[in-house]
Amino acid sequence: MIISSSKDYRKAAQRRLPPFLFHYIDGGAYDEATLKNNVDDLSKIALRQRILRNMAELSTETELFGEKLAMPLALAPVGLTGMYAKRGEVQAAKAADNKGIPFTLSTVSVCPIEEVVPAIRRPMWFQLYVLRDRGFMKNVLERAKAAGCSTLVFTVDMPVPGARYRDAHSGMSGPNAAIRRYAQSTLYPHWAWHVGLNGRPHDLGNISKYLGKPTGLEDYIGWLGANFDPSISWKDLEWIREFWDGPMIIKGILDPDDARDAVTFGADGIVVSNHGGRQLDGVLSSAKALPMIADAVKGKLKILADSGVRNGLDIVRMIALGADACLIGRAFAYALAAEGQAGVENLLEIMKKEMRVAMTLTGAKTVAEITSDCLVKIEQEI
Ligand code: FNR
């Protein structure tokens, strides 16, 4: 199969993965309206074409929290990444490392912090969820610090998991628990080989290490529902600050008032995100929420944005709308499922080329020059 974009990786991932895993990655919450709008709204942002401006010297490099990035992009935390390819978090982290961008390890990763950090040269970013068991949160924070993780991404848009109909139908959630059955499946031999079935690919390494026993989750979504904590408030963030003195990014902000509160709290950054349309369906797409948030807090903390970024043009759009950098979730998950580390490296190379084309033809020689001037000013309806 010829691969020239993240769309191709999506198709390739669908061919390789068992349906319950493909739909877990690909799907969103409820009617998936926000999931769709994330991609559509971003693609409708009109870039302003400029010509004959000698764009021979151009750089996609930028800096974030004292770290150099080859482009304004990081890999988003994606749960169960180690089920898309063998020791998937290590493979994705190595790809990001080789391409000069940060990798964020999810709380609910297969490979634990201690396995991924030594595999890469760059400092790793670590993502934390609020779980009812605060002992677990303290434990992972201390381990992330001890391992040398540079940045904490604290995800706040999952006090309860949004219902994902595809997961219910595929057996990913609920009593059908596909995770219990997949190990015996002979239907997807490429995938079974790819993930290395003997290595307990469904074990959540960070949690097993804390519990001192394999997790072997049978009803993953049910487990999320039972362990996530809807009582979370800004007070919990104060508590987390006691255990984390490095840069802290709050992920899952979609409203300017919450962004202002993040500034008041003293966050170093935020991620404008609706969790890739996987939580509250019907909320604004990130592309529509971002300009209002940038108006409210630009320059007071770093603004990252995700949800809907599928190519390098989208990165330029998000930066022009006010972000300092972007994250990608599904795009890299598809590439990893299709071709492992090499796939993610190729995807990042493709996205960088796309970004260079967009910068060249909008007249932005540096990331700092990607501003609202790179967009056609058409009044947008919300
Ligand atoms: C996610 N996301 C996520 N976020 C997080 O903070 N912790 C996590 O464990 C996960 N897990 C996860 C699994 C899968 C399969 C997906 C697709 C997403 C959300 C993720 O970090 C990011 O916000 C979105 O993926 C961004 O949207 P796109 O790039 O997928 O459109």
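Just above sits the structure.
These remarks concern the structure in this document. Worth saying up front: this structure is predicted, and the values here are computed from it rather than measured.

With the rule as written, the count across this model stands at 17 salt bridges. For Arg121, the salt bridge goes to Asp97, with nearest N and O atoms at 3.0 Å. With Arg121 in the loop between α5 (113-116) and β5 (125-128) and Asp97 in helix α4 (residues 88-98), this residue pair connects regions lying 24 residues apart in the sequence. Given a relative accessible area of 9%, Asp97 falls into the buried group. With a closest N to O distance of 2.8 Å, Arg143 and Glu114 form a salt bridge. On the criterion of sequence distance, the pair formed by Arg143 in helix α6 (residues 134-147) and Glu114 in helix α5 is long-range, its members being 29 residues apart.

Once that is clear, we can look at the site of the ligand. Pro77, Ser106, Thr155, Asp306 and Arg310 are the nearest of the 24 residues found near the ligand. Within the side chain of Tyr129, one N or O atom sits 2.9 Å away from a nitrogen atom of the ligand. A distance of 2.6 Å separates an oxygen atom of the ligand from a polar side-chain atom of Asp306. Taking 600 Å² as the accessible area of the ligand by itself, protein coverage stands at 99%. Taken together, the residues of the shell around the ligand sort by class into nine nonpolar, 10 polar and five charged.

Now for the packing of α6 against helix α12 (residues 234-243). It is at 10 Å that the axes of α6 and α12 come closest, and there the two elements cross at 40°. When you trace α6 past α12, the crossing you get is right-handed. From α6, Arg134, Met137, Lys138, Leu141, Glu142 and Lys145 reach across to α12, where they touch Asp236, Trp239, Ile240 and Phe243. Of the residues contributing to the contact of α6 with α12, the split by class is five nonpolar, no polar and five charged.

The next subject is the sheet that holds strand β9 (residues 302-305). The strand order β3-β10-β9-β8-β7-β6-β5-β4 describes an open sheet built from eight strands, whose pairing is parallel. The sheet is open, and its two borders are formed by β3 (73-75) and β4 (104-105), each paired with just one other strand. This element, α6, spans β5 and β6 (151-155) of the sheet and lies at about 175° to β5.

Most of helix α15 (residues 312-320) is tucked away: eight of the nine residues are buried. For α15, every residue scored as buried is listed here: Gly312, Asp314, Ile315, Val316, Arg317, Met318, Ile319 and Ala320. Buried residues in α15 make contact with α3 (33-44), β3, α14 (286-297), β9, β10 (325-328) and α16 (330-362). N-capping of α15 is provided by Asn311, with a side-chain oxygen placed 3.0 Å from the backbone N of Leu313. Backbone geometry just after α15 places Gly322 at a positive phi near 125°.

Analysis parameters
Residues numbered from 1 in each chain as written. Predicted model: local features only at pLDDT ≥ 70, side-chain atom pairs only at ≥ 80, totals over all residues. Heavy atoms only, no water. Salt bridge = Lys/Arg side-chain N within 4 Å of Asp/Glu carboxyl O. Helix = DSSP H or I, 4+ residues; strand = E, 2+ residues; numbered from the N terminus. Buried < 20%, exposed > 50% of the residue type's maximum accessible area, 1.4 Å probe, protein only. Near = heavy atom within 4 Å. Polar contact = N/O pair within 3.5 Å; in protein donor to acceptor, adjacent residues only side chain to side chain. Areas by Shrake-Rupley, 256 points an atom, 1.4 Å probe, with all protein chains shown as cover. Nonpolar A, V, L, I, M, F, W, Y, C, P; charged D, E, K, R; others polar. Axes fitted to C-alpha atoms, helices over the stretch in contact; angles between N-to-C directions. Left-handed = near helix turned anticlockwise from the far one by under 90°. Contact = heavy atoms within 4.5 Å. Pairing = 2+ DSSP bridges.

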